[in-house]
Structures are given as structure tokens and as C-alpha cells.
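# Observations on the three-dimensional arrangement
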Amino acid sequence: MKTDFIPIDYDYFDWHGRNYAKITGRNSSGKRICVIDTCPVYLWAILKDKLSKDKINKLIKKIEKIELDTKGRKTRVEKVEIHDKNFLGKPVKALKVFATNYKDLHDVADKLGLPEIEKRRGYDLGYITHYIIEKKITPLHWYEIEGEVLNNSEEFGGIDAVLDVDLCIKLDKVKEINDKKFTPKILAYDIETDEIQIGKGEILMISLVSDGFKKVITWKTAHKKQDYVEYVKDEAELLEKFTEYVKKVSPDFLVGYFSDGFDLPYLKARAEKHNVKLSLGLDGSQPRFSRGMSITGKIKGIVHIDLLKFIRTAYAQYMTSETLSLNEVAKEFLGDTKKDFKLEHSSKISGTDWEKYYEYNLHDSVLTLNLFEKFWPDLSEFVKTTNEPVFEISRAGLSKYTESYILHNLEKYNEIPEKRPGYEEISKRKHSGGVEGAFVLEPKPGLYENIAIFDFTSMHTSIIISHNISRSTLLEKPSKNAVSIKTDKGTFYFKKEKGFFPLMLREIFELRKKFKKQYQKNPNPITKARSNAFKVLSASAHGYIGFFGGRYYSIEASASILAFVRKFNKETIKKVEDSGHKVIYADTDSVALLMNNKSESEIKKLLTKLNSELPGVMELELEDFYKRGLWVTTRAGTTGAKKKYALIDKKGKTKIRGFETVRRDWCKLARDMQNKVIRQILKDGNEKQALKYVKEIIKELKERKISKEDLVIRTQLKKPLSEYKATTPHVIAARKMIEKKIPIGQGNLIEYYVAETRDKKKLVRDKVKLLDEKGEYNKKYYLERQILPAVENIFQVFNINVQEIIEGKKQMTLGDF
DNA sequence: ATATACACGGATCCCCTATTTCC
DNA sequence: GGAAATAGGGGATCCGTGTA
């Protein structure tokens, strides 16, 4: 049997003591295929230097005899080969020790603690990663496969009989073919319950949405019949019906929003309660959950995606949404929002409200489906770039992206993989203290005209490439023929000879440039996603090196990269000043300078000159020209504030950084007001008009004309309530919510306002009230702690003291004495 | 455990001293 | 008059949220 095939989900099983990969995917006619295949498993034993041939041969003989009987499974070393390999860039002689079962490699490694062996590596990748590296059957690429179709076969314990697929093939031959379009089958789902706590309440309804399919299953009733609503008799039947529909639609991806943490575990808990089997897996198995901090729900053969997790790692940093709630994310990416519906306990819902509830439930799945379709190119490109399965990538962090790319590309450099750090190593790394970071130039507050901003393209990455910095190129001793750099952790030296990590990064860097060009030439979601995947990968390299959990962590490399970052930023500042331009601000990789009376082309010439003096792939580019820019003092008023400025370009577009207006923990009134003030000042430099506006707002505030909505302060609960050492206003608000039985916890955004209180209470937290609590807003607080701080230092630039201007304020301070 | 450091600014915490209150 | 309570000043610390 021969067919084309695209691998989507990877799993593995044991049969007669050996590991087999079980890959689920499709062919181009949409048939669902399961491929069964195997690969040799082995680990590397790196030999000590200068071992005689005789000694090596004796060692091989000894290792070949290793047999284990652990965990009721017999494993033995099957074969030992000797290879010339590299480990951390150093040529080594290494033994490739083949064994029967991947899971026993750890125990085999334990047996190899011999005096002739320096290190043991390559046994901690996980079978699936190992298999993909070994067989190069990578996710979401097309293959032409050939093999025996298993049909009621006894082989592998009759696996084909239990699997709900069109074809089950034992792989014989495989060939990569040109990529073609693949449209996955997606099923989005969402549940509604009475209680938020997992399994505590009943599941009232479940919505399911796929291409040309929409359904709300419920056991509650309504008067009017909606064609997509299907009634069942009780919750148990609802669960059965859900399973039935998932089977019927037979999706590649079952997608939810926060479904790892809510929907799927809830379904499982309720199914257990009713003794209903939630047989969602293609082999009839139930969803399984990982243990640990963040639970993940896995379904065999179907990739369960929690879209929230993917958005959080891959997109959150570029988003304008202040929370990652389905509503806000959908609004930002789809221009669509959740249906208006006030969630209430089901006992309080009656008649037509149920219909609205169904519609609301259905629409959540619609949004989830649309979002998945929107993000599918991105997810898909991350998968293709890292070669790890969709399930893993959809839940991975940035370090996993980088590390996967490294592991799947080591072979080109003949490298043996480094091991994952153990618990002790991690705590050692965590306690080694931080490294000195980037340099930020203190700005001189003021309103400036005609500004140019230069910045380094992918600064950290280009430094790593250009100076060959990595764990494997770090030299133990000073050397004349080396790159040297003085850091806060000492002076470090790096080999001139290119190391695999910088080389690999260079490849990523070049591909990023190439894909960016491709995208610009042919903009579409796929070229955009590819360009973005490489952008993220390229940008995360330095973070990965400094991440304590990374295999290729190096504090020396990290400190060196940052020392170079400081050096190049400071040098650029000096060179720009030497050319006669005043530098107003600089942060890490950027320099803002006054153009004086120079034309844009003259500034560009300066840039070209600066570029000619940069090493390697390092590049300084023009970020943009700006008409005006505003820098202010810190609240203390003594120094210029860093990481806080506002710019306006020639087209009148503003760029505001760090100001309260971009911070979600300030009330809307203060944010909006500051935004308007900044815009007005930048647009025509008219601070008088802006001041007039501020006075109006203050008047409204004093007359209590401001809506409470505009005064809400939102703060996230970053950890469990019990872990707070300080009792902050948002902790108080959170406690109040819990008292009111509103289920909140870590990660929730807490909303409150500051109210007037009868007795004179000093602390803000004593004035905190929830939105639905009766009370009037505290005029003094909003005036002095929100409005004034937001604009005070802006007007200070024009020598206007807002505080004095505000009516009554001056008298009050005088009256205090 | 789930990329890094730098930075701002509000609010509380905590120690100290001065003042007020209590007996 | 002296001890205890209270107020408030100011630096340290906690905390959340930005920029790069």
C-alpha cells in the first residue's frame, strides 16, 4: 500500500519490549491514517581522552554484555559502535550504545558509570523526539509512505482493530514530498456550568462548532426551538452525546479556550461521577491529564489544543489586549466579541433567557474556532520550524522552541546532545545570581523637535553570531587569539573557531531575513507566520542561554552578550555625539538623537558610516524620524525618567511608551486624560490647551460627574491569595470577592474603586470597594493619586506646577499649618 | 521550573522619633 | 511625672506592569 501522508499526532507504545511510534495523520483525500514504525534506540558514552584501542575494545565487549531487568521488563545492550563525534564543539570518541527500550536507557546509563567513560548523553530526549530526529518523519510535512496495511492483524496485539482510523499502516518505506495544502479538521468546544470549581457543579450545556457543523447539547429546556440545540434527558446523556459527536466529526484538533484548565477536566470529572466513559481517543481511551503545575489534557489520536496557552507564549507580547480573555482576544484578532449575557446560576434562569444562554455558549465555540483558524498558520509554522509535534508546541514556552530547534539540528554539526539540567544543577544556576543587564541613558526631560532614532537589528542575536559566543565556544583560560570581553562576572574568552550554537543561530538569522523578504514580496498568513516563527526563534536565543532550565545554559555567555550590548550602545552614543548630534535617550539597542538642522539624507549618511564600523552581522538601522518627542522626570522629580517617553512622527502618529496611559493598573480616567494631554502637546506643542482640558476633568471629578466605570482600578492577582506578604488594595478586593463567593484565584484581574469613608482612614486598602458595592468615589484619592501623578511631570516640562494651579489645593496645604 | 535585565511608581511595612493620652 | 499609645516621617520592601 502506497499513499501520501501528513503526520499530525505522535504517540508510542511498547510491543514485545520494544518501542513503536504511532503517528496519526491524513492523506490528501482526507483519509485518517495511523502509521506504526520503529527506530533503533541508543545513548552516547563519551570516552575519556587517550584510551588505547585495546582498552576500548575490552570496554565494548563489557558493555555489550549489559542486561537489565528493571520494572518487570528485560532490556539488554544489543550493539555498540564507536564514532568520532563532537560534544560541545570538542571532538570526542564516543560509543553508540544500542538498547532495546528507550525507557530503560536511563538505567543503562547508570550501568555505564565506568572509569573509561567521561560522560553519558542522549538518553533524556523522550522517545518521540528521538524518533523524529532518527527517522526524520517530521510533523506537518508531506510524505509518500509505503507499507503493509494492518487489517484484523494479530500484530501489535490487534492494534488496528481498536483504532478508529481509515487505514493502519506498518511503515516500510518513506519519502519526503513537496509540501501541499493541508486543511485540518477542527472542532471547537465550550461548556457552561453552574460552579467554576472543577466538577463541583453540573454541566448545563456543551457547544460544538466545526466547518458546516454547529450544535449545542443541553438537558435544560427552552420554549422556542433553536435548530442547533439538541436536548437530552440528563447530564450523563449529555456527556455521551458529546463523545458521540466528537467521534462523528472526527477532528484532527479538538480546540478549547482555557480547556486544559477548565472544560476538559470538568468533563472528565462529571463523567467519572456519572460513571460514563468519555471515550474520545481514537483507541477509545479517555482523556489523560499531566500532573504538575499546569495541567494539560491529552486525547489519543486527536490533538487537544488549549488555544489560550499558545496565544500566551507566542502572541501575548505583541498584543494590545490587556487580558487574554476570550472576549478581548477575539476582539483584537477577529473584531468580534462574546454575546452579551449575564451569567447566573441556572436556577435563576428562566424561559427565553435559556435561548440566549445557548446562543452565548455557541458563540464562544464560534470564536474559538475562528481564532484557531487565525492562529493555525502560526502554530503550524512553529511546529515545522521546531520539528516537535503540535500538541507539545501549542503548550510550550519560548525555551522549548529554541531547544527543540537545537536538538533537531545537532546532526549537521555531528554533535552529541547535552543533557537536561537536574534539580541540583537548576538550583545552583538559580542561586548564581543575575548578570548585569543593558545600559539605559538617563534622558534630560523636555519637549524636543526633530528626532531620529537608530536601533540595532536583533542586537543580542547579532552579537552572539558576530562574536561567536556560546557555552561550547567559551574558553577556560585566557587566550590571545580569542574574543575577550569584560563582564561583571569576570573577563571571558571565546574561541575564534565558529561554534555550533552561533552557526545555528546564524542560519536562523539568515532564514529570518529570507522569510521576511518573502513575506514582504508575497504577504499572506503563511509567509507572515513563517517569518514570525523565525523572528521569535531568533529573538529568544539570548533569553534561552540565560534560562536556568536550558541544556545549553551559560551564565558566562549570557554575561558576555550583555557586556557587548552595553559596549555597543555606549560606543554608538559616543560616536553620534562626536558627529555633533545631541543624544537625548538610549535604551539597550536604541539611540535617540536630535537632527539639529540636518536633512534626513544627512542623518542616513551618518548611519551608513556607523554601520561601516560594526563587526560581523551587526547592523544599526533607522527606526524612524520623529517630529516631536517628550521626556519627563520621575515622580521624585530629581532625575529624567527612563523607559517613559512619547513621540509623534511626521504623519501625526504617536508612539507612547511606559507612561501611565499604557499601564492597565491605572484608572481609565487618568489614562485617557494623560493620553489626550500627551497627544495635544506632541501635535502642536500647545500645553496651554492641554492644561485647560485637565482643569475641566478636575472640575467634573469634583462635581462627581465622572462615571464610576472610568475610575475602576484593575490589578492582576499574580499569586495565590495566601502567599501575599503585603496586604495591598487588590488583595483586599480579592478577599471581598471570595467572601461574596465569587470564584477567583491566581491570574484573575481584580477590579475595585476607592470610595469615600466616614472615618478618617489612612490606608488606601481601607477604602477599597467592589464595583457593585454602594459608595461614592473618593475625590481626594482620584485627584491626588490618579489625576495629578498622571500629568504633573508632563506639565513640569513647561514649568507649570499643576498642583498649585488646582483650585483649593494650595489653600488646603497652607491651612494644614 | 518553563527566555533575560532594567525601570517606574504605588502601597504597605517597619523602624524611629515626637507628640498626645492616660493614670 | 512617667509610661503607654498614637501619629507621621522616611527608607526598605513588596507588588504589578511596563521597555528593551
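All of these numbers come straight from a predicted model, not from anything done at the bench.

What follows is about the packing of helix 18 (residues 668–684) against helix 19 (residues 687–702). Helix 19 packs onto helix 18 with a crossing angle of 165 degrees between their chain directions and a minimal axis gap of 8 Å. By the criterion of interaxial angle, the relationship of helix 18 to helix 19 is roughly antiparallel. Classified by chirality, the crossing of helix 19 by helix 18 is right-handed. On helix 19, the residues touching Leu669, Asp672, Met673, Lys676, Val677, Gln680 and Ile681 of helix 18 are Glu687, Gln689, Ala690, Tyr693, Val694, Ile697 and Leu701. The residue makeup of the contact of helix 18 with helix 19, split by class, is 9 nonpolar, 2 polar and 3 charged.

On to the protein's contact with DNA strand B. For DNA strand B, the set of nearby residues contains 28 residues, the closest of which are Gly437, Arg635, Lys644, Tyr781 and Arg785. In DNA strand B, the atoms that sit within 4 Å of the protein are 91% sugar and phosphate, with bases accounting for the remainder. In this structure, a phosphate oxygen belonging to DNA strand B sits 3.0 Å away from a side-chain N or O atom of Lys642. Listed by contribution, the elements that provide at least two residues to the surface near DNA strand B are helix 11 (398–409), strand 26 (640–649) and helix 21 (779–796). Of the residues in the surface near DNA strand B, the class split is 12 nonpolar, 8 polar and 8 charged.

Here we take up the confidence of the model for chain A. Taken residue by residue, chain A gives an average pLDDT of 93. The fraction at 70 or more is 98%. Low pLDDT (under 50) marks residues 809–817, which in the prediction has 5 contacts with non-local residues, meaning those over four places away or in another chain.

Turning to the nonpolar core, a few remarks are in order. The tendency in soluble globular proteins is for nonpolar side chains to be buried as a group. In this structure, Ile63, Leu95, Val97 and Leu112 are the most contacted members of the largest nonpolar core, which totals 156 residues. Top element by residues in this core is helix 9 (residues 352–386). It accounts for 14 residues. In this structure Leu112 touches Leu43, Ala45, Ile63, Ile66, Val97, Ile117 and Arg120, once residues within four positions along its chain are discounted. Of all hydrophobic cores here, the second largest spans 56 residues; its members include Trp666, Leu682, Ile732 and Leu770.

With respect to the helices, strands and loops of the structure, Val768 is situated in strand 30 (residues 768–769). Sequence-wise, Val768 and Thr757 are 11 residues apart; in three dimensions their C-alpha atoms are separated by 9.5 Å. When near neighbours in sequence (up to four residues on either side) are disregarded, Val768 contacts Pro729, Ile732, Ala733, Lys736, Tyr752 and Tyr753.

A few words on the protein's contact with DNA strand C. Inspection of the region around DNA strand C gives 20 residues, with Asp589, Tyr645, Lys719, Tyr724 and Lys725 positioned closest. Between DNA strand C and Arg657 there is a distance of 3.1 Å, counted from a phosphate oxygen to a side-chain nitrogen or oxygen. In this structure, a phosphate oxygen belonging to DNA strand C sits 2.8 Å away from a main-chain N or O atom of Lys725. Among the secondary structure elements, those contributing two or more residues to the surface near DNA strand C are strand 26, strand 27 (654–657) and strand 28 (713–716).

Attention shifts here to the sheet that holds strand 29 (residues 749–754). Spatially, 3 strands are ordered 28-29-30 in an open sheet, and the strand pairing comes out antiparallel. The open sheet has two edge strands with one neighbour each: strand 28 and strand 30. Where strand 29 meets strand 30, 2 bridges bridge the pair, whose relative direction is antiparallel. Across the sheet, Val754 pairs through a bridge with Val768, a residue of strand 30. Against the sheet, helix 20 (residues 729–739) engages strand 28, strand 29 and strand 30, with an angle of about 105 degrees to strand 29.

By domain assignment, chain A separates into domain 1 (1–181), domain 2 (186–376), domain 3 (423–492 + 538–644), domain 4 (659–706 + 781–816) and domain 5 (708–776). Each of domain 1 and domain 3 was reduced to a C-alpha centroid, and the two centroids are 44 Å apart. Listed by partner, the interface residues are 4 residues for domain 1 and 4 residues for domain 3. Taken together, the two surfaces of domain 1 and domain 3 that pack against each other cover about 340 Å², and 56% of this comes from carbon and sulfur. Area buried by domain 1 at its contact with domain 3 is led by Leu88, Asp124 and Leu125, which between them contribute 95% of it. Summed over the shared surface of domain 1 and domain 3, the number is 1 salt bridge. Salt-bridge contacts for Arg551 lead to Asp124; the nearest nitrogen and oxygen are separated by 2.9 Å. Taken together, the connections running from domain 1 to domain 3 amount to 1 residue pair in polar contact (both at pLDDT 80 or more).

Evaluation of the coordinates by the stated rule reveals 41 aromatic pairs. Centroid distance Phe333 to Phe375: 4.9 Å. Interplanar angle 70 degrees. Geometry classified as edge-to-face. In this pair, Phe333 is assigned in helix 8 (residues 326–334) and Phe375 in helix 9, connecting sequence segments 42 residues apart. Each member of the pair, Phe333 together with Phe375, is buried. Clustering of aromatic rings is evident, with ring pairs tying together Tyr231, Phe341, Trp354, Tyr357, Tyr358 and Tyr360.

Let's shift gears to the state of the cysteines. On inspection of all chains with the given rule, the structure shows 0 disulfides. Of all cysteine sulfurs in the structure, the one in Cys168 sits closest to Cys34, which takes part in no disulfide; the separation is 4.5 Å. Since its relative accessible area comes to 4%, Cys168 is described here as buried.

Within the secondary structure, Asp190 sits in strand 11 (residues 186–193). Residue Asp190 is classed as buried on the basis of its relative accessible area of 11%. Separated by 47 residues in the primary sequence, Asp190 and Tyr143 place their C-alpha atoms 34 Å from one another. Discounting chain neighbours no more than four positions away, the residues touching Asp190 are Met205, Ile206, Ser207, Asp263, Asn361, Asp364 and Ser365. One polar contact links Asp190 to Asn361, side chain to side chain, over a distance of 3.2 Å.

What counts, and at which threshold
Residues numbered from 1 in each chain as written. Chains lettered and ligands numbered in written order. Predicted model: local features only at pLDDT ≥ 70, side-chain atom pairs only at ≥ 80, totals over all residues. Heavy atoms only, no water. Axes fitted to C-alpha atoms, helices over the stretch in contact; angles between N-to-C directions. Helix = DSSP H or I, 4+ residues; strand = E, 2+ residues; numbered from the N terminus. Parallel < 35°, antiparallel > 145°, perpendicular 65-115°, else oblique. Left-handed = near helix turned anticlockwise from the far one by under 90°. Contact = heavy atoms within 4.5 Å. Nonpolar A, V, L, I, M, F, W, Y, C, P; charged D, E, K, R; others polar. Near = heavy atom within 4 Å. Polar contact = N/O pair within 3.5 Å; in protein donor to acceptor, adjacent residues only side chain to side chain. pLDDT = per-residue confidence, 0-100. Core = buried A, V, L, I, M, F, W, Y, C linked by side-chain atoms within 4.5 Å. Buried < 20%, exposed > 50% of the residue type's maximum accessible area, 1.4 Å probe, protein only. Pairing = 2+ DSSP bridges. Domains from an automatic or database assignment. Buried area = accessible area lost by both parts, 1.4 Å probe. Salt bridge = Lys/Arg side-chain N within 4 Å of Asp/Glu carboxyl O. Phe/Tyr/Trp six-rings, centres within 6.5 Å; stacked < 30°, edge-to-face > 60°. Disulfide = S-S within 2.5 Å.

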